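For reference, the chains in residue letters:
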Amino acid sequence: MNLIFLGPPGAGKGTQAKITSKTYGILHISTGDIFRKAVADRTELGKQVKEIMERGDLVPDNLTISLVKERLTEDDVKQGYILDGFPRTVLQAEKLAEFQRIDAVINFRLSKEEIIRRLSGRRICSGCGAIYHITDYPPEVPGICDKCGEKLYHREDDKVEAVEKRLEVYNKQTEPLISFYRKRNLLYDIDSSINPENSEQQIMKILDEINK
Ligand SMILES: [Zn+2]
């Protein structure tokens, strides 16, 4: 089973990818992991990526596609995989379709208000990195980590204006991809507003249906 997970920040896509990967015995592959592995394995493409990342530049579309292609020819993906963070553009999706059969694209849906609520309420410990949420998962003493007693901080990236910007970029990039896969009857929407257990059940229902 070859899957793609699409979802905005805060929708729990990474968490669900881990769970699905375990449940179905398929590999969870994020673009970041592919880049790191190619660099560690010192493949030709890995050397190119290393130079680009060291310069602080974005890895171009063509190189990303080649890296994904290289990764998806390895033995450990024969049982299937979940792509997380790829494709990001229609060009990448078209190229992927040339060499891989995709069985389903799971699209995590969450309202803008809920994304902002989840991300902007997040607080991180400056000492141990533990993650809290001001209403969903508050520390016992406001602003202080339960585990190590250090101060919690609000990441710049999680402030309302920054979240709105991230979402704008996400929607602009992803809308065309959603249409691309919807046209090919591969897109399955899930409502990820309730809780992780509920998202998991929705995904299992879709995948069990596909596997019939
Ligand atoms: Zn802490």
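Computed from a predicted model, the values in this text were never measured in an experiment.

## Points about the coordination of the zinc ion
Each donor-metal-donor angle in an ideal tetrahedron of four donors is 109.5 degrees, and each such angle in an ideal octahedron of six donors is either 90 or 180 degrees. Of the protein atoms, only Cys125 (SG), Cys128 (SG), Cys145 (SG) and Cys148 (SG) coordinate the zinc ion, at distances of 2.3 Å. Between the four donor atoms coordinating the zinc ion, the angles at the centre fall across 97 to 115 degrees, so the site counts as tetrahedral. Read N to C, the donor residues that coordinate the zinc ion are spaced as C-x2-C-x16-C-x2-C.

## Description of the pattern of salt bridges
Inspection of the entire model under this criterion finds 22 salt bridges. As a salt-bridge pair, Arg155 and Asp158 come within 3.3 Å of each other at their nearest N and O atoms. When its relative accessible area of 28% is taken as the criterion, Arg155 is described as partly exposed.

## Thoughts on unusual backbone geometry
The phi torsion of most residues other than glycine is negative, and most of the peptide bonds are trans. Cis rather than trans, the peptide bond between Phe86 and Pro87 has omega equal to -5 degrees. Along the chain, the position of Pro87 falls in the loop between β3 (81-84) and α5 (90-99). Phi at Arg42 takes a positive value of approximately 55 degrees, unusual for a residue other than glycine. With respect to the secondary-structure elements, Arg42 resides in the loop between α2 (31-41) and α3 (44-55). Overall, the relative accessible area of 67% leaves Arg42 in the exposed class. In this structure, Asn185 is a non-glycine residue whose phi angle is positive, near 60 degrees. Take Asn185: it is sitting in the loop between α7 (160-183) and β8 (187-191). Judged by relative accessible area, Asn185 falls into the exposed class, the value being 64%.

## Remarks on the packing of helix α4 (residues 61-71) against α5
Contact geometry for α4 and α5: axes closest at 10 Å, N-to-C directions at 30 degrees. By the angle between their directions, the pair α4 and α5 is classed as roughly parallel. Considering only the axes of α4 and α5, their crossing is right-handed. Of α5, the residues touching α4 (which contributes Asp61, Thr64, Ile65, Val68 and Lys69) are Leu91, Gln92, Lys95, Leu96 and Phe99.

## A short note on the sheet that holds β8
Ordered by their spatial adjacency, five strands build an open sheet running β2-β3-β1-β4-β8, and the pairing between neighbours is parallel. Strand pairing shows two members of the sheet lacking a second neighbour, β2 (27-30) and β8, which therefore form its edges. Going from strand to strand, the sheet's axes swing by 25 degrees on average, the running direction of each strand aside.

## Structural notes on the layout of surface pockets
There is about 750 Å³ of room inside the largest pocket. If you trace the largest pocket, you find 27 residues lining it, with Thr31, Gly85, Phe86, Arg88 and Gln173 closest to the centre. Elements that contribute at least two residues to the lining of the largest pocket include exactly β1 (2-6), α1 (13-24), α2, α4 and α7. With six residues, α7 is the largest single contributor of residues to the lining of the largest pocket. Along the lines of polarity and charge, the residues of the lining of the largest pocket split into eleven nonpolar, eleven polar and five charged. Reported here for the second largest pocket is a volume of approximately 510 Å³. Looking at the second largest pocket, it is lined by 20 residues, and the ones nearest its centre are Gly10, Ala11, Gly12, Arg118 and Pro196.

Conventions we followed
- Residues numbered from 1 in each chain as written.
- Predicted model: local features only at pLDDT ≥ 70, side-chain atom pairs only at ≥ 80, totals over all residues.
- Heavy atoms only, no water.
- Donors = N, O, S within 2.8 Å, 3.2 Å for Na, K, Ca; no water.
- Tetrahedral: all angles 85-135°; square planar, octahedral: opposite > 155°, others 65-115°.
- Salt bridge = Lys/Arg side-chain N within 4 Å of Asp/Glu carboxyl O.
- Buried < 20%, exposed > 50% of the residue type's maximum accessible area, 1.4 Å probe, protein only.
- Helix = DSSP H or I, 4+ residues; strand = E, 2+ residues; numbered from the N terminus.
- Axes fitted to C-alpha atoms, helices over the stretch in contact; angles between N-to-C directions.
- Parallel < 35°, antiparallel > 145°, perpendicular 65-115°, else oblique.
- Left-handed = near helix turned anticlockwise from the far one by under 90°.
- Contact = heavy atoms within 4.5 Å.
- Pairing = 2+ DSSP bridges.
- 1 Å grid on protein atoms, 1.4 Å probe; cavity = no way out; pocket = protein on both sides within 12 Å on 5 of 7 lines; lining within 4 Å.
- Points joined across faces, edges and corners; volume = space filled by probe spheres on them.
- Nonpolar A, V, L, I, M, F, W, Y, C, P; charged D, E, K, R; others polar.

Nothing here speaks to function; it is geometry throughout.
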